Amino acid sequence: MNTILPPQLISSRRPGRPVSAIGETRSPHYDCQQHADALDLTVFLPGVDAAGVEIVVRGPDLVVIGRKSHVVRVNFAAAHLEHAQLDYELRLRLGRDLDYAALTAELNDGILSLHIPKRAALAHAA
């Protein structure tokens, strides 16, 4: 089942504050493919559902935050799940030649697919 995510782009935050205050995170695996007219980014976020995905754009930077639904288990310490329970945060500097307002995102089985078209002037020049 595919989940289409509406773009929730936040272009400005208070200076001096981190983009997310989710505490300790880990960086997810990702794959990036550049095409003549767009950039396709695949981010692997196992254990994250659509409600836990946040996409933030700050100038040339793209930040993808994936929050897992945390379940407290009785044997939490014994299972050594501390690292597996961490949320994901991916920070990429993609540049200013992309049209972030036209970004589309889709989450399917923990795989987030982002399609970011290039700006019209740059796509025609290529």
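The rules behind each value
Residues numbered from 1 in each chain as written. Predicted model: local features only at pLDDT ≥ 70, side-chain atom pairs only at ≥ 80, totals over all residues. Heavy atoms only, no water. Helix = DSSP H or I, 4+ residues; strand = E, 2+ residues; numbered from the N terminus. Buried < 20%, exposed > 50% of the residue type's maximum accessible area, 1.4 Å probe, protein only. Lys, Arg positive; Asp, Glu negative; His and termini not counted. Salt bridge = Lys/Arg side-chain N within 4 Å of Asp/Glu carboxyl O. Polar contact = N/O pair within 3.5 Å; in protein donor to acceptor, adjacent residues only side chain to side chain. Pairing = 2+ DSSP bridges. Core = buried A, V, L, I, M, F, W, Y, C linked by side-chain atoms within 4.5 Å. Contact = heavy atoms within 4.5 Å.

Asker: Explain the overall build of the chain to me, please; I cannot follow it from the model alone.
Answerer: Regarding its fold elements, the chain presents 2 helices and 9 strands. Secondary structure elements of the chain occur, N-terminal to C-terminal, as β-β-β-β-β-β-α-β-β-β-α. In the chain, which comprises 126 residues, the share counted as buried stands at 36%.

Asker: Explanation requested: the side chain of Lys-118 in the structure shown.
Answerer: Assignment of secondary structure puts Lys-118 in the loop between β9 (111-117) and α2 (120-125). No salt bridge forms around the buried Lys-118; measuring N to O, its nearest opposite-charge neighbour Asp-97 is 5.2 Å away. Among the polar contacts made by the side chain of Lys-118, one reaches the main-chain carbonyl oxygen of His-35 at a distance of 3.2 Å.

Asker: What is the right way to read the pattern of salt bridges from this model?
Answerer: When charged atoms on two side chains of opposite charge get close, those side chains can pair. For the structure shown, the criterion picks out 3 salt bridges. Between Asp-61 and Arg-93 there is a salt bridge, and its shortest N-O distance comes to 2.6 Å. One end of the pair, Asp-61, is in strand β6 (residues 61-66); the other, Arg-93, is in strand β7 (residues 87-93), with 32 residues separating them in the sequence. In this structure Asp-61 comes out as partly exposed when scored by relative accessible area, which is 22%. A salt bridge links Arg-91 to Glu-89, with the shortest nitrogen-to-oxygen separation between them at 2.9 Å. A relative accessible area of 12% means that Glu-89 is categorised as buried.

Asker: Could you clarify how one ought to interpret the sheet that holds strand β5 (residues 53-58) in this entry?
Answerer: Hydrogen bonds between backbone groups are what pair the strands of a sheet, and the pairing can be parallel or antiparallel. Strands sit in the order β2-β7-β6-β5 across an open sheet of 4 strands; the sheet is mixed. Two strands close off the open sheet at either side, each with one partner strand: β2 (25-26) and β5. As paired elements, β6 and β7 share 6 bridges and run antiparallel to each other. By the bridge assignment for β7, Val-63 is matched with Arg-91.

Asker: Just checking my understanding: could you explain the nonpolar core for this structure?
Answerer: Side chains of a nonpolar character, in soluble globular proteins, are inclined to be buried together. Grouped together as the largest cluster of nonpolar side chains are 22 residues, with contacts concentrated most on Leu-45, Leu-62, Leu-94, Leu-112, Leu-114 and Ile-116. Taken together, the elements giving at least two residues each to this core come down to β4 (38-44), β5, β6, β7, β8 (104-108) and β9.

Asker: Just to check I follow, could you spell out the environment of Ala-38 for this structure?
Answerer: Relative to the elements of secondary structure, Ala-38 occurs in strand β4. Taking the C-alpha atoms as reference points, Ala-38 and Asp-97, 59 residues apart in sequence, are found 10.0 Å from one another. Excluding residues within four positions of it along the chain, Ala-38 makes contact with Gln-33, His-115, Ile-116, Pro-117 and Lys-118.

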